[in-house]
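# Geometric and topological summary
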Amino acid sequence: MTRIFSGVQPTGNLHLGNYLGAIRNFARLQDGNDCLYCVVDMHAITVWQDPAELKKNTREVTAAFLAAGVDPIDNIVFNQSQVPQHAELAWIFNCVARMGWLNRMTQFKEKAGKHRENASVGLYVYPNLMAADILAYKATHVPVGEDQKQHLELTRDVAQKFNNDFGEEFFPIVEPLILDSAARVMSLRDGTKKMSKSDESDYSRINLTDDPETIELKIRKARTDPDPVPDGSPEGGTRENRPEAFNLMEIFGALTDQTIADVQRDYGGQQFSAFKRAVTEVAVEKLGPMGLEMQRLMADPGYVDSVLAGGVKRAKEIAGPILDDVYRIVGFLR
Ligand code: TYM
């Protein structure tokens, strides 16, 4: 049985990219695998979070997991800060990872921007906590969107260095599971930027809690070019010169489980106005019921919290003995 781990930050505005790139696959992977799905609240506070919002968003991500079909009985659904082993192992990894490795992390550079000196230390060592999340369970497979690839490479490096330093094949070398073409859903306003929770424009993303009218409006206003839907011919253009057109086709393909070639066959040459109606229809059909279910769950915080509490207990049962071994290997007296 393969052990799968993945995490989502409770930083608000969960969107279609989070769903297609990660959360949808959580449910698809649950059969026959041993899965842990974590709301990574400790990662969230690497940038400022309003405490009341953080609580609400932690429940919202949990609700999204459940509404997407993750079964909290078969799988372990929990929030990171309630399992102290994550922070404990992250400290060990702070002492294993090298400054040079972290200096190469593009996401830190993007998030810290020009104000690097002002970024939290937590944001800098973020990837070590992520390695700890995964390796505290010796998970081997990690379903994520494309943007997390570099962090998973660091996880592999940390595991390898720990194993080499202490002369024991203790941690597995993880495999990223970057599952389909929707591993990188782009902004609806700018096809060269990824769809993101932190984009100032709400029109850049479809939020999982958007109602059908909002979804329709956002897709109608999504940026495209004057040419018809690409049909696969050289004149139809490429992802490089028509990023917005290809993004909408990829979103449609992912929502309908079709390849880009299928979408080109059915819609190539048509006007975007017609194609956007088709995209709206499937987006509303797939996301509408999920948004309603998320809202229903969020209206019952007691239930959501009980799901997390059950997950926390089971997560600790796995991570506790692994941390005991880590401390023994490192040479800490127990
Ligand atoms: P986060 O919270 O930013 O995003 C959650 C998941 O959504 C994916 N994603 C996307 N996929 C496709 N297109 C997009 N535009 C898009 N935007 C986001 C992300 O790749 C991710 O899979 N560092 C992680 C959280 C984390 C984690 C972990 C993940 C912490 N520990 C351990 C896996 C394993 C993050 O910030 O994800």
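Once a new chain begins, its residue numbering starts again from 1 and follows that chain's sequence as written. Residues qualify for local features only when their pLDDT is at least 70, as the model is predicted, and side-chain atom pairs are given and counted only at 80 or more; totals for whole chains, interfaces and linings, by contrast, use all residues. As a rule here, side-chain values come from all non-hydrogen atoms in the structure, and water together with hydrogens is ignored.

### Remarks on the overall build of the protein chain
This is how it is decided: Strands are runs of DSSP state E lasting at least 2 residues, helices are runs of H or I lasting at least 4, and numbering of each runs from the N terminus. The globule rule is 2.2 Å times the number of residues to the power 0.38, and the radius of gyration it is compared with is taken over C-alpha atoms. Categorising residues by exposure relies on relative accessible area from a 1.4 Å probe, with only protein chains included: less than 20% of the type maximum marks a residue as buried, more than 50% marks it as exposed, and the intermediate range marks it as partly exposed. By definition, residues are in contact when any of their heavy atoms lie within 4.5 Å. Accessible surface area values rest on a Shrake-Rupley calculation with a 1.4 Å probe, where residue burial reflects the displayed protein chains alone.
In terms of helices and strands, the protein chain carries 13 helices and 5 strands. For 334 residues, the compact-globule formula gives about 20 Å, and the C-alpha radius of gyration of the protein chain, at 21 Å, lands near that figure. With the C-alpha coordinates aligned to their principal axes, the bounding extent of the protein chain is approximately 70 × 45 × 40 Å. Here the protein chain holds 334 residues, and the buried ones make up 52% of them. Residue pairs at least 24 apart in sequence account for 75% of intrachain contacts in the protein chain once pairs closer than 6 positions are excluded. Carbon and sulfur atoms make up 51% of the accessible area of the protein chain, which totals about 15,300 Å².

### Concerning helix α1 (residues 16-29)
Heads up, the rule is: In this analysis, the expected span of each helix is defined as 1.5 Å times one less than the number of residues it contains. What we call the bend at a residue is the angle made by axes fitted to the seven residues finishing there and the seven residues starting there.
With 14 residues, α1 extends 19 Å between its outermost C-alpha atoms, agreeing within 8% with the 20 Å of an ideal straight helix rising 1.5 Å per residue. At alanine 22, α1 is deflected by roughly 35 degrees, the largest bend along its length. The element α1 is extensively covered by neighbouring structure, given that 13 of its 14 residues are classed as buried.

### Some remarks on the site of the ligand
Put simply, the test is: Note on terminology: near, applied to a residue and a molecule or strand, indicates that one of the residue's heavy atoms is within 4 Å of it. As used in this structure description, the phrase polar contact means that two N or O atoms lie within 3.5 Å; if the pair is within protein, one of them must be able to donate a hydrogen and the other to accept it, and residues adjacent in sequence are counted only when both atoms belong to side chains.
Taken together, 27 residues form the shell around the ligand, and within it Gln9, Tyr126, Asp133, Asp147 and Val185 come nearest. Contact between the ligand and glutamine 9: an oxygen atom at 2.8 Å from a side-chain N or O atom of the residue. A distance of 2.9 Å separates an oxygen atom of the ligand from a polar side-chain atom of lysine 197. Burial of the ligand by the protein chains amounts to 97% of its free accessible area of 710 Å².

### Description of helix α8 (residues 149-166)
If you check α8, its first and last C-alpha atoms are 26 Å apart, about what 18 residues at 1.5 Å a residue would give, namely 26 Å. Inspection of α8 places His151, Leu152, Leu154, Thr155, Val158, Ala159, Phe162 and Asn163 among the buried residues, and these make up the whole buried set. In the stretch just after α8, glycine 167 is the one whose phi turns positive, near 65 degrees.

### Notes on the packing of helix α9 (residues 212-221) against helix α12 (residues 272-298)
The test is simple: Angular values range over 0 to 180 degrees, each being the angle between N-to-C directions of two axes fitted as lines to C-alpha atoms, with helices fitted over their stretch in contact. With respect to orientation, any angle under 35 degrees is reported as roughly parallel, any angle over 145 as roughly antiparallel, any angle of 65 to 115 as roughly perpendicular, and every other angle as oblique. When the near helix sits turned anticlockwise from the far one by under a right angle, the crossing is termed left-handed; a clockwise turn instead gives a right-handed crossing. For this classification, Asp, Glu, Lys and Arg are treated as charged, while Ala, Val, Leu, Ile, Met, Phe, Trp, Tyr, Cys and Pro are nonpolar and the rest, including Gly, are polar.
For the pair α9 and α12, interaxial distance at closest approach is 9 Å and the crossing angle is 150 degrees. By the angle class used here, α9 and α12 are roughly antiparallel. Here α9 runs over α12; the crossing is right-handed. For the pair α9 and α12, contact is made by Pro212, Ile215, Glu216, Ile219, Arg220 and Lys221 and by Lys276, Val279, Thr280, Ala283, Val284 and Leu287, respectively. Looking at side-chain class alone, the contact of α9 with α12 contains 7 nonpolar, 1 polar and 4 charged residues.

### Some remarks on the packing of helix α3 (residues 51-67) against α12
Closest axis-to-axis distance for the α3/α12 pair is 9 Å, and the angle between their directions is 130 degrees. Regarding the angle of α3 to α12, the classification is oblique. Seen from above, α3 lies across α12 with right-handed handedness. Along the contact surface, α3 presents Arg59, Glu60, Ala63, Ala64, Leu66 and Ala67, while α12 presents Met290, Glu293, Met294, Leu297 and Met298. Considering only residue class, the contact of α3 with α12 consists of 8 nonpolar, no polar and 3 charged.

### Some thoughts on empty space enclosed by the protein
Selection criterion: Of the grid points, spaced at 1 Å and generated over the protein atoms alone, those admitting a 1.4 Å probe that cannot get out make up cavities, while open sets with protein on both sides within 12 Å along at least five of seven lines make up pockets; any residue with an atom within 4 Å of a point is treated as lining. Grid points are joined across faces, edges and corners, and a volume is the space filled by probe spheres set on the points.
Summed over all chains, the structure comprises 2 cavities of 30 Å³ or more. Forming the boundary of the largest cavity are Gln107, Phe108, Lys111, Leu123, Tyr126, Pro127 and His151. Broken down by secondary-structure element, the contributors of at least two residues to the lining of the largest cavity are α6 (106-112) and α7 (121-135). Its residues assigned to classes, the lining of the largest cavity comprises 4 nonpolar, 2 polar and 1 charged.

### Some thoughts on the domain arrangement of the protein chain
To keep things clear, this is the line we draw: Boundaries between domains were set according to an automatic or database domain assignment. By definition here, a salt bridge exists when the distance from a side-chain nitrogen of Lys or Arg to a carboxyl oxygen of Asp or Glu is within 4 Å.
As far as domains go, the protein chain holds domain 1 (3-183 + 300-330) and domain 2 (202-296). Computed from C-alpha atoms alone, the centre-to-centre distance between domain 1 and domain 2 is 30 Å. Between domain 1 and domain 2, the contact holds 16 residues from the first and 15 residues from the second. Seen at the junction of domain 1 and domain 2, the total is 1 salt bridge. With a closest N to O distance of 3.1 Å, aspartate 257 and arginine 28 form a salt bridge. Along the contact surface separating domain 1 from domain 2 lie 4 residue pairs in polar contact (both at pLDDT 80 or more). Elements that contribute at least two residues to the side of domain 1 that touches domain 2 include exactly α1 and α3. Top element by residues in the side of domain 1 that touches domain 2 is α1. It accounts for 5 residues.

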